[in-house]
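So the chains spell out like this:
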Amino acid sequence: MVHLLVVDDEKEVGTFLSRLFTMKGYLVQVVISGKEFHEIDWNQQRFDVAMIDLKLPDCDGLSLLQHLKQLQPRCKVLIMTGYSTVKTAVDAMKLGASDYMEKPFVDIEVLERQIDNLLNENEALNQHFIHKLAEDSGLIVGESPLMKNLIETAFKVAQKSVNVLIEGETGSGKEVLSRFIHIASPRNHEPFIGINCGAISESLLESELFGHEKGAFTGATQLRKGFFEIAGNGTLFLDEIADASPAIQVKLLRVLETREFMRVGSSVTLRTNARLVAASNENLQQAVDKNKFREDLFYRLNVVTLDIPPLRSRKEDIPLLVRHLVERNGHGDISFSNEAIEKLQQYNWPGNIRELSNVVMRTLTLADNKSVITANDISLSNSQITPDKNVLPEIQSTENLLEEWRKKLVADFNEKDELMLEEILTEIKQLQSTIGKELVMQALQKTYGNRNEAAKRLQISIRKLRYILNEKSQT
């Protein structure tokens, strides 16, 4: 027989739930306070599932959840909450709750299904299913407890129609996590659309998000639907949301409050049911404190916040990530030696997984048909492989390279009051080679190792690309 515990200070709710589940054959015990909860004889009572209200007159529901999971870790917990405390309910899931239900109960059948699903859930199969979904979305979970907790919470959140804010450092995988949320949600058969708010001008971003009518502005030669309209019942991912202008923030706030918007140049109101997942490598709470981001929009986005750990906090996953990157780039016959992996694990990875991907791709490209990559084959930024928060990214920008060369030239001239032209010309050639390789590697990274596509994007021949990589002569 199923043993169900109900913790709710509203006697009517407790009576209703007791009758509902007693009719299903459950043995139900109802308590109305934290005091009664702690009076339970936990050595004699074993519960299969518990329903705990977050707000009780004499205690916090989260504390009861933690106490219950310590005493009976196998007991499934369903949190009962009002809309205003949904964020706290998500925090409860991070502490071990299996799911949550908003009060008042609108659909009793949904509540019954939630309890039935918790009772019938096979943890091993469920874990396998979650990890398979993560793999399908390109998210490598690995062995890190931080990532395992993150992916389990993200999976639970994916089942709810709530906005999600993803925070994490540049290159940590925010868009990949957003794709996982979409794939794991009931919206997975609907469109997933991503847009980088920091990469598009304000006027163009408004048109991209909301669409425009023909003739709305110069160049608007035809009607165009915006991403909110195209997404429909799917998921809209807004990356670098902190870079959105104040005007765009106002329009986003209106959409989130009313689910309504208008195309640029139109007075017709359209509706959207798209789920919004926003991401930022900047702490939005701090941006709000600095008056760089609207507080009301932040609270609308911040229903659920997921923090992606940086790669330096999950170095135990580097071997698995490297194997994934090697296979993704079509080099399954190449392996990294233990010394090579150890060198990668000693590095601080300021650019996170994106930087690791760049390093692996460059190493494979310059491997000279090796079957085993050694530590000597791996080049890391300034050879700084000891933990250092201020370490530079592995691939420097062209601007930095030019600036470093310029400073060196000026310093030499000031010191010697003369220049050796031949040496300068030699340095220019070396700099040209370095910049050329950098741009080729970035193109290969963007095209996942497809050299033909990379050459096309750089508007050079495949022969020229291979020449830049020192693979063959240009003639």
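A few points on the structure.

Regarding the packing of helix H14 (residues 318–328) against helix H15 (residues 338–346)
And step 1. In the contact formed by H14 and H15, the axes pass within 10 Å of each other and the chain directions differ by 115 degrees. Looking at the two axes, H14 sits roughly perpendicular to H15. Our pair here, H14 against H15, has a crossing hand that is right-handed. Residues Ile 318, Pro 319 and Val 322 of H14 lie in contact with H15, whose contacting residues are Ile 341, Leu 344 and Gln 345.
And step 2. Here the residues of the contact of H14 with H15 are counted per class, giving 5 nonpolar, 1 polar and no charged.

Focus: helix H7 (residues 145–158)
Think of an α-helix as 3.6 residues a turn; residues three or four steps apart then line up on the same face.
And step 1. The terminal C-alpha atoms of H7 lie 20 Å apart, and with 14 residues this matches the ideal 20 Å at 1.5 Å per residue to within 8%.
And step 2. Taken together, the buried positions of H7 are occupied by Met 147, Leu 150, Ile 151, Thr 153, Ala 154, Phe 155, Val 157 and Ala 158.
And step 3. Where H7 begins, the side chain of Ser 144 points an oxygen toward the backbone nitrogen of Leu 146, at a separation of 3.2 Å.

Some points on the sheet that holds strand E3 (residues 49–53)
And step 1. Taken in spatial order, the 5 strands of this open sheet run E2-E1-E3-E4-E5, and their pairing is parallel. Since the sheet does not close on itself, it has two edges, and those belong to strand E2 (27–31) and strand E5 (99–102), each with one partner. Here the strands of the sheet are splayed against their neighbours by 20 degrees on average, with no regard to which way each runs.
And step 2. Sitting on the sheet, helix H3 (residues 61–71) is in contact with strand E1 (3–7), E3 and strand E4 (76–81), with an inclination near 160 degrees to E3.

Focus on the pattern of salt bridges
Opposite charge on two side chains lets them pair, provided their charged atoms get close.
And step 1. Per the counting criterion, the structure on display carries 22 salt bridges.
And step 2. The shortest N-O distance in the salt bridge between Lys 103 and Asp 8 comes to 2.8 Å. Here Lys 103 is found in the loop between E5 and helix H5 (108–120), whereas its partner Asp 8 is found in the loop between E1 and helix H1 (11–22), with 95 residues between them in sequence. Like Asp 8, Lys 103 is buried.
And step 3. A salt bridge links Glu 39 to Lys 35; its shortest N-O distance comes to 2.6 Å.
And step 4. In this structure, a network of salt bridges that share partners links the residues Asp 8, Glu 10, Asp 53 and Lys 103.

Thresholds, definitions, all that
Residues numbered from 1 in each chain as written. Predicted model: local features only at pLDDT ≥ 70, side-chain atom pairs only at ≥ 80, totals over all residues. Heavy atoms only, no water. Axes fitted to C-alpha atoms, helices over the stretch in contact; angles between N-to-C directions. Helix = DSSP H or I, 4+ residues; strand = E, 2+ residues; numbered from the N terminus. Parallel < 35°, antiparallel > 145°, perpendicular 65-115°, else oblique. Left-handed = near helix turned anticlockwise from the far one by under 90°. Contact = heavy atoms within 4.5 Å. Nonpolar A, V, L, I, M, F, W, Y, C, P; charged D, E, K, R; others polar. Expected span 1.5 Å × (residues − 1). Buried < 20%, exposed > 50% of the residue type's maximum accessible area, 1.4 Å probe, protein only. Polar contact = N/O pair within 3.5 Å; in protein donor to acceptor, adjacent residues only side chain to side chain. Pairing = 2+ DSSP bridges. Salt bridge = Lys/Arg side-chain N within 4 Å of Asp/Glu carboxyl O.

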